Amino acid sequence: RQQNLPGQYHFSELGIADYDGKARFYPPADAKHVSHSMVVRHHGYDVFVEVEVRRLQTIARILGHDRIDLLKMDIEGAEYRVLEDVLGSGIDVPQIVLEFHHRFSGFSRRDSSRAARFLNRHGYKIFSVSSREENVGFIRK
């Protein structure tokens, strides 16, 4: 809301999830950070904001899309659940870039490896890995 965006840019106040409805997003430990998460990390269950969320399939249907050229997901720990729903949606997504959050409590590198193997089984191969091994690019051939 605070940025002056080009007229052709459309911003929707929706989160992405593996279901349609409302989700609780919990704040980061450092109030200077803006990334809330569906994963409770610091403040417990009593501090949150409630946000409308939609499945990627629902958003694509509303917008009339059956293909997304590049899907970049940095969804603060929810990527593990959302990924399966995205690949089962029937939407053509040839490239996916994920920021894995195995540094969050409750997740591990094993969860990220399991997600990468899941993508491999669906025809995706890794084409890029960041130095901290959190941002990983996948392409489907």
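Predicted, not measured: the structure shown is a model, and the values here were computed from it.

Things to note about the confidence of the model for the protein
For the protein, the mean per-residue pLDDT works out to 87, and 94% of the residues sit at or above 70. Per-element mean pLDDT across the protein ranges from 89 in strand β1 (residues 15–16) up to 96 in strand β6 (residues 124–129).

Focus on the packing of aromatic side chains
Within the structure shown, the criterion is met by two aromatic pairs. Seen in terms of ring centroids, tyrosine 26 and phenylalanine 48 are 6.1 Å apart; in terms of plane orientation they differ by 65 degrees. Their pairing is edge-to-face. Taken as a pair, tyrosine 26 in the loop between β2 (21–25) and β3 (49–54) and phenylalanine 48 in the loop between β2 and β3 lie far apart in primary sequence, 22 residues in all. Arranged with centres 5.9 Å apart and planes meeting at 25 degrees, the rings of tyrosine 80 and phenylalanine 100 form a pair that is stacked. Here the residue tyrosine 80 occupies a position in helix α2 (residues 79–87), and phenylalanine 100 occupies one in the loop between β5 (95–99) and α3 (109–121), the gap between them amounting to 20 residues. You can call phenylalanine 100 buried: its relative accessible area is 3%.

Here's the deal with the side chain of serine 112
Mapping serine 112 onto the fold places it in helix α3. When its relative accessible area of 8% is taken as the criterion, serine 112 is described as buried. Reaching out from serine 112, the side chain makes a polar contact with the side chain of tyrosine 80 at a distance of 2.8 Å. Among all residues touching serine 112, those that are not within four sequence positions of it are Tyr80, Phe100 and His102.

Basis of the calculations
Residues numbered from 1 in each chain as written. Predicted model: local features only at pLDDT ≥ 70, side-chain atom pairs only at ≥ 80, totals over all residues. Heavy atoms only, no water. pLDDT = per-residue confidence, 0-100. Helix = DSSP H or I, 4+ residues; strand = E, 2+ residues; numbered from the N terminus. Phe/Tyr/Trp six-rings, centres within 6.5 Å; stacked < 30°, edge-to-face > 60°. Buried < 20%, exposed > 50% of the residue type's maximum accessible area, 1.4 Å probe, protein only. Polar contact = N/O pair within 3.5 Å; in protein donor to acceptor, adjacent residues only side chain to side chain. Contact = heavy atoms within 4.5 Å.

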